[in-house]
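Observations on chain architecture
As a plain string of letters, each chain reads:
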Amino acid sequence: KYRCQRRSRIQDENNGIIWLTCAGQDWSNLYRTTDGGKTFTKIEFPGATTGEFYFDMPRKDKDQLVVLARPEAGDTTGVKYISTDGGATWENAGDF
């Protein structure tokens, strides 16, 4: 049985895109829904595995979404991921 802290954020009310993050003691996952929460898909980030990073909620930066992945919760360094298609696919944009 897993216990996790959950957070959610609505990205696009018109298209029903909602983000859900779930973090346990040593892992974090990010999920996306495009149907208003009926189903959720776990986001797969290139080069990242469950337990390796804590994922921040996606934020908009101009015409792209940005997610920062940190080795430990609260770290100031990690890997930056970007998406230019609303979060359907992600690209490793390097360290921050």
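Refer to the structure above for everything that follows.
These remarks concern the structure in this document. (Residues numbered from 1 in each chain as written. Predicted model: local features only at pLDDT ≥ 70, side-chain atom pairs only at ≥ 80, totals over all residues. Heavy atoms only, no water.)

A few words on the overall build of the protein chain. A count of helical and extended segments in the protein chain gives 0 helices and 9 strands. Walking the protein chain from its N terminus toward its C terminus, one meets helices and strands in the order β-β-β-β-β-β-β-β-β. Here the protein chain, with 96 residues, has 38% of them falling under the buried criterion. Relative to all contacts within the protein chain whose residues are 6 or more apart in sequence, the contacts with residues 24 or more apart total 28%. Total accessible area on the protein chain is roughly 6200 Å²; 44% of this is exposed by carbon and sulfur atoms. (Helix = DSSP H or I, 4+ residues; strand = E, 2+ residues; numbered from the N terminus. Buried < 20%, exposed > 50% of the residue type's maximum accessible area, 1.4 Å probe, protein only. Contact = heavy atoms within 4.5 Å. Areas by Shrake-Rupley, 256 points an atom, 1.4 Å probe, with all protein chains shown as cover.)

Along the chain, P46 turns up in the loop between strand 4 (41-42) and strand 5 (54-55). Separated by 35 residues in the primary sequence, P46 and Y81 place their C-alpha atoms 8.6 Å from one another. Dropping the residues within four chain positions of it, P46 is found in contact with Y81, W90, E91 and N92.

Of all hydrophobic cores here, the largest spans 13 residues; its most connected members are L30, F45, F53, F55, V67, Y81 and W90. Sorting the residues of this core by element identifies strand 7 (64-70) and strand 8 (79-83) as the ones contributing at least two each. Looking at this core element by element, the count peaks at 3 residues for strand 7. Setting aside its immediate chain neighbours within four residues, F45 contacts L30, F55, V67, Y81 and W90. (Core = buried A, V, L, I, M, F, W, Y, C linked by side-chain atoms within 4.5 Å.)

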